Amino acid sequence: MANKFFKTANGFVTTPAVLRTLALLLVQPDHTVAFSPIAVDYHVLIAHQTPETQHQLWETFKVSLGVDGMIAIRGIPGFQKLREQALLGAHACMAQAPPRMQSVTLPDGTYRQTLAAVSSAFSEQAIDHGSESDACRAWSETSDRFREAIGTSLNAFVKHLSHAFGDDVHGPLLHSVTGKSYNTLEQVVRSGERLEHFHSYNLPEVFKPLTDYEGRDTIEFHVDQGVFIAFVPSVLVDTLSKPVDSSTPHGTFKLKSADGTEKDVHFQPDSLIIMPGDGINHFFNARRKGLTFHAPPHAFQMSASIPELHRLWYGLMQLLPADAKNEESGLTYGEIRSQVVGLTTSPEESSLGLGCSRKLTARELMSTCSENQMYCWHRCMNFTDDVSPQACAAKSFGFNCTSQFDQIYLPKDGHGDYNLACTNSTELVSARPPVEQPTAACRGWQDLVSDPSYTHRVTLSHNETYFLWNVEGDGKTVHGKMIHRGLVGWLALGIENIGGEHNGMNGASVVMGHNLQGSSRIGEYRIHKSMTAFRHWKEPLDPPALADAAMTLTNCYSSMVFKAQTIYGKPLNVSSGTDRLIWALSRNAYVTDNYGGYAPYHTDEIGDASQRARFRGKVHLDFTSGAMLTTTTAATTASGEDPLQGEDTSDARCVMSSSNPIAMLLLASIICLRVF
């Protein structure tokens, strides 16, 4: 491992060689030097760590993040091809002028188009393009796999980075407005949202820069807000979304290392690049005992030699938790982001030092809201003919960003379902009443799990959630029972919509049981093909095809039982083949038919983002044999979870259904943002 651990642009080098290379770079004269970031191999990040490899990671992080302020992850299976497909698809979609696309002319004359979304360490929302065109629909599937690969890689990176510096930090890193402590870097990242964007840059064949911008950078030197920014190398395409010769210059990306050396950065096409952001200085460097991270000022200049070509680029910013307080200002980071957007009025003014830890410009990754937009749910939402200040006033209503419960959104509010609305409400967003959990011992739980009347069973979440089943005598009907230790607001299990958005959740057919706080019900539902909120797919199949279906809620457990050959019209592969299933549940709140229909996000009673893996997942079953199949890529994580689920399922291995961990089912929200 020591001789095949870290990589430069030319291949693998050992840690001492990395240090010597960096030493040579640091003694260069104070002018621009060529530079390629140190890389760590993806398979190292997902492998079980020995003391030796942990030390090597520590040394690499110290140099790459403490001196350069940049590190690359390479060796992600299939990533170079997936990156190209995602960026080419983004341009093909943008060529259809999708309704949600934003555009701006930058001061140097560059025309930029943007499509954006939001995700987290656990979930992602489909790109909000608003188009039904074939190009955009095809790109949605590709971009989901691309973004999932990036999310998985970043989670592995953050886990190791947090562990590497865990003993080198004084006290909690951050505190929320409610007094909650964020004690590790991993906790901070798990609780913050990730702003994502696909950009297309283009210099018209005849262009004229704005006044005094001749020869200047397209994006001048700045430091990004957030914990870190991650991005991939750009791709150049022609007007038909075809890639051009790789030798064609894309432009110049520059950064300044910790000693002030300006470096012209060159990237390998299979790389995922990570740079610390200014948020590191707010909460991490101030509490470090030793070496601090360097958030590098960086800039970009378009090449003037590529008129009519388009430079496609993807970037992600990891935000601090919206409810965490900035100690200097007393504001939450959600409020700071809102003020940044509210105070910017033009591309030239889109940098703002609000909440910055040094006298550097920190650039917020958000778009300036225009006169026909309002900042709502971390993005600029467009007015419509029916919902705008003028239209609402004509109806004797006010105008605001609200939840479906007619509660007013504030920037500190995180995940949710917020939209512009005509309203006279003044009530602020508040949590729904959580499902009350049993306090007495759950006697007989193990007997329930081991129920001998069921031949097969699979663990969905250890000692918490299980699925038990038989195949009836006709060889076609599944008699299933899903059980959870505790009380749920809802629980569901169904057939994955392979290739659908949100990792196969959108468009899936599910059996779902609802706790209505006093009564319960069970039915068959088809999740909307693009929208995840329950109100968009709340109508059950009528009449249902389920037999003997019931939901049970006790002072110990929740369960639903059913017999089915199909789920919402989709057949189960009982007599031949296998089924890829999804499952999820929530303790966060009760289901209600009021307010247009509501079912809470799949999480625990307090909405702890770090616990979401306990409340959703996937399982691939052979109902007849009782075996669980696991599809894999080139490697699995130490926990056994598939690190790049859905990318390459050609290597399938079979294990018994009682002993395999389940990968996460991703859900999320939407966003509109801005970055270079």
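Because the structure is a prediction, the values reported are computed rather than measured. Residue numbers restart at each chain and count upward from 1, following the sequence in its written direction. Only residues with pLDDT of at least 70 are given local features in this predicted model, and only at 80 or more are side-chain atom pairs given and counted; all residues enter the totals for whole chains, interfaces and linings. The side-chain numbers reported here are obtained from all heavy atoms of the structure, hydrogens and water having been left aside.

(A) Fine view of the overall build of the protein chain. Labels follow the DSSP assignment, with helices taken as runs of H or I lasting at least four residues and strands as runs of E lasting at least two, numbered in each case from the N terminus. Broken down by element type, the protein chain carries 11 helices and 37 strands. Relative accessibility thresholds used throughout: buried, under 20% of the residue-type maximum; exposed, over 50%; partly exposed, between the two (1.4 Å probe, protein chains only). Classification of the 676 residues of the protein chain by burial places 56% in the buried group. Here a residue-residue contact requires only that any non-hydrogen atoms of the pair lie within 4.5 Å. Taking the intrachain contacts of the protein chain between residues at least 6 apart in sequence as the baseline, contacts between residues at least 24 apart amount to 71%.

(B) Expanded view of helix 4 (residues 79–94). Taking 1.5 Å of rise per residue, the 16 residues of helix 4 would be expected to cover 22 Å, and the 22 Å separating its terminal C-alpha atoms lies within 8% of that figure. Taken as a whole, helix 4 has its buried residues at Phe79, Leu82, Arg83, Ala86, Leu87, Leu88, Gly89, Ala90, His91, Cys93 and Met94. Looking at the buried residues of helix 4, the elements they touch are strand 7 (111–119), helix 5 (134–164), strand 10 (194–202), strand 13 (235–237), strand 16 (272–276) and strand 18 (310–318). Any helix carries an expected span of 1.5 Å times its number of residues minus one.

(C) Representation of unusual backbone geometry. Omega for the bond connecting Asp542 with Pro543 falls within 30 degrees of zero, at 0°, which places this linkage in the cis form. Within the secondary structure layout, Pro543 lies in the loop between strand 29 (520–526) and strand 30 (547–553). Even without being a glycine, Ala97 presents a positive backbone phi close to 50°. With respect to the helices and strands, the residue Ala97 is situated in the loop between helix 4 and strand 6 (102–105). By relative accessible area, Ala97 is classed as exposed at 53%.

(D) Main features of the sheet that holds strand 31 (residues 557–564). Pairs of strands are assigned from DSSP output, requiring at least two bridges between the strands. With antiparallel pairing, the five strands of this open sheet are ordered in space as 24-25-26-31-30. Two strands lie at the open edges of the sheet, namely strand 24 (456–461) and strand 30, each paired on one side alone. This sheet shows a mean twist of 15° between the axes of neighbouring strands, independent of strand direction. When strand 24 meets strand 25 (residues 465–471), the two strands line up antiparallel, connected through five bridges. Looking across to strand 25, one finds that Arg457 is bridged to Leu468. Interaxial angles span 0 to 180 degrees and are taken between N-to-C directions of axes, which are lines fitted to C-alpha atoms, for helices over the stretch in contact.

(E) Expanded view of the pairing of strand 25. Burial of strand 25 is extensive: six of the seven residues sit out of reach of the surface. Hairpin connection of strand 24 to strand 25: three residues between the antiparallel strands, including Asn463 at a positive phi of 60°. Pairing of strand 25 with strand 26 (residues 478–485) involves seven bridges; the strand directions are antiparallel. Counted as the bridge partner of Trp469 is Gly480 from strand 26. Here strand 25 hands over to strand 26 after six residues, with Gly475 in that stretch at a positive phi of 70°.

(F) Layout of the confidence of the model for the protein chain. Values of pLDDT, ranging from 0 to 100, describe the predictor's confidence in every residue of the model. Put simply, the protein chain has an average pLDDT of 79, and 78% of its residues get 70 or more. Counting contacts from residues 209–213, a segment whose pLDDT is below 50, to residues more than four positions away or on other chains yields nine contacts. Scored below 50 in pLDDT, residues 631–676 makes 185 contacts in the model with residues more than four places away or belonging to other chains.

(G) Spatial organisation of the state of the cysteines. Disulfide: a pair of cysteine sulfur atoms within 2.5 Å of each other. If you walk through the whole model with that rule in mind, you get four disulfides. Here Cys93 connects covalently by a disulfide to Cys136, the sulfurs 2.0 Å from one another. Disulfide Cys93 to Cys136: torsion about the S-S bond roughly 95°, handedness right-handed. One end of the pair, Cys93, is in helix 4; the other, Cys136, is in helix 5, with 43 residues separating them in the sequence. There is no split in this pair, since Cys93 and Cys136 are both buried. Cys442 shares a disulfide with Cys556; S-S distance 1.6 Å. Between Cys442 and Cys556 the disulfide shows an S-S torsion of about 55°. By sign, it is right-handed. Placement of the pair is Cys442 in the loop between strand 23 (418–423) and helix 10 (445–449) and Cys556 in the loop between strand 30 and strand 31, with a sequence separation of 114 residues. The burial state of Cys442 is the same as that of Cys556; both residues are buried.

(H) Seen up close, the packing of helix 4 against helix 5. Two numbers describe how helix 4 lies on helix 5: the axes approach to 9 Å, and their chain directions differ by 145°. For the crossing formed where helix 4 meets helix 5, the hand is left-handed. Across from Phe79, Leu82, Arg83, Gln85, Ala86, Gly89, Ala90, Ala92 and Cys93 in helix 4, the residues of helix 5 making contact are Ala135, Cys136, Trp139, Thr142, Arg145, Phe146, Ala149 and Ile150. When residues are sorted by character, Ala, Val, Leu, Ile, Met, Phe, Trp, Tyr, Cys and Pro go into the nonpolar class, Asp, Glu, Lys and Arg into the charged class, and all the rest, Gly among them, into the polar class. Split into classes, the residues belonging to the contact of helix 4 with helix 5 amount to 12 nonpolar, three polar and two charged. Rotating anticlockwise by less than a right angle from the far helix to the near helix defines a left-handed crossing, while the corresponding clockwise rotation defines a right-handed one.

(I) Highlighting the packing of aromatic side chains. What counts as a ring pair is set by centres within 6.5 Å for rings of Phe, Tyr and Trp (its six-membered ring), and what kind of pair is set by the plane angle: stacked under 30 degrees, edge-to-face over 60, tilted for all other angles. Per the counting criterion, the structure on display carries 21 aromatic pairs. Ring centres 5.6 Å apart and planes at 90° place the aromatic pair Phe61 and Phe157 in the edge-to-face group. In this pair, Phe61 sits in helix 3 (residues 51–68) while Phe157 sits in helix 5, placing the two residues 96 residues apart along the sequence. A residue is classified by how much of its surface remains accessible, and Phe61, at 1% relative accessible area, is buried. Ring geometry for Trp469 against Phe623: centres 5.8 Å apart, planes inclined by 90°, an arrangement best described as edge-to-face. Here the residue Trp469 occupies a position in strand 25, and Phe623 occupies one in the loop between strand 35 (616–622) and strand 36 (627–632), the gap between them amounting to 154 residues. Note on Trp469: relative accessible area 0%, which makes it buried. Ring pairs connect the aromatic residues Phe79, Trp139, Phe146, Phe198 and Tyr314, which therefore count as one cluster. Remark: a charge is flagged as sitting over a ring if the NZ atom of Lys or the CZ atom of Arg is within 6 Å of the ring centre and within 35 degrees of the ring normal. Above the plane of the ring of Phe35 lies Lys263, whose end atom (NZ or CZ) is 4.6 Å from the centre.

(J) Region of interest: the packing of helix 3 against helix 5. Close contact between helix 3 and helix 5 brings their axes to 10 Å; oriented N to C, the two are set at 95°. Our classification of the angle between helix 3 and helix 5 gives roughly perpendicular. Between helix 3 and helix 5, the residues in contact are Leu57, Trp58, Phe61 and Leu65 and Phe157, His160, Leu161 and Ala164, respectively. Classifying every residue of the contact of helix 3 with helix 5 gives seven nonpolar, one polar and no charged. Roughly parallel means an angle under 35 degrees; roughly antiparallel, over 145; roughly perpendicular, 65 to 115; everything else is oblique.

(K) Spotlight on the side chain of Asp270. Checked against the element boundaries, Asp270 lands in the loop between strand 15 (262–265) and strand 16. A 3.5 Å cut-off defines polar contacts: any pair of N or O atoms within that distance qualifies, except that in protein one atom must be a possible hydrogen donor and the other a possible acceptor, and neighbouring residues in sequence count only when both atoms are side-chain atoms. Among the polar contacts made by the side chain of Asp270, one reaches the side chain of Arg74 at a distance of 2.8 Å.

(L) Inspection of the pattern of salt bridges at higher detail. A pairing counts as a salt bridge when a side-chain nitrogen of Lys or Arg comes within 4 Å of a carboxyl oxygen of Asp or Glu. Applying the stated criterion to the full structure yields 19 salt bridges. Taking the shortest distance from any N to any O, the salt bridge between Glu132 and Lys529 comes out at 3.8 Å. Remark: Lys529 occurs in the loop between strand 29 and strand 30 and Glu132 occurs in the loop between strand 7 and helix 5; sequence separation between them is 397 residues. Given the relative accessible area of 56%, Glu132 is considered exposed. What makes Lys529 partly exposed here is its relative accessible area of 49%. One salt bridge in this structure joins Asp593 and Arg521, with 2.8 Å as the shortest N-O distance. Here Asp593, found in the loop between strand 34 (579–586) and strand 35, pairs with Arg521, found in strand 29; they are 72 residues apart in sequence, far enough to count as distant.

(M) Quick peek at the nonpolar core. Counting residues in each nonpolar core, the largest one holds 59 residues, and the members touching the most others are Ile73, Phe146, Ile150, Phe157, Phe198, Leu272 and Phe283. Looking at this core, the element that brings in the most residues is helix 5, giving 10 residues. Excluding anything up to four places from it in sequence, Phe157 contacts Leu45, Phe61, Leu65, Ile71, Ile73 and Ile274. Core analysis: the second largest hydrophobic core is formed by 27 residues, Val488, Leu491, Met551 and Phe623 among them. Nonpolar core, defined: a set of buried Ala, Val, Leu, Ile, Met, Phe, Trp, Tyr and Cys residues in which side-chain atoms within 4.5 Å join the residues together.

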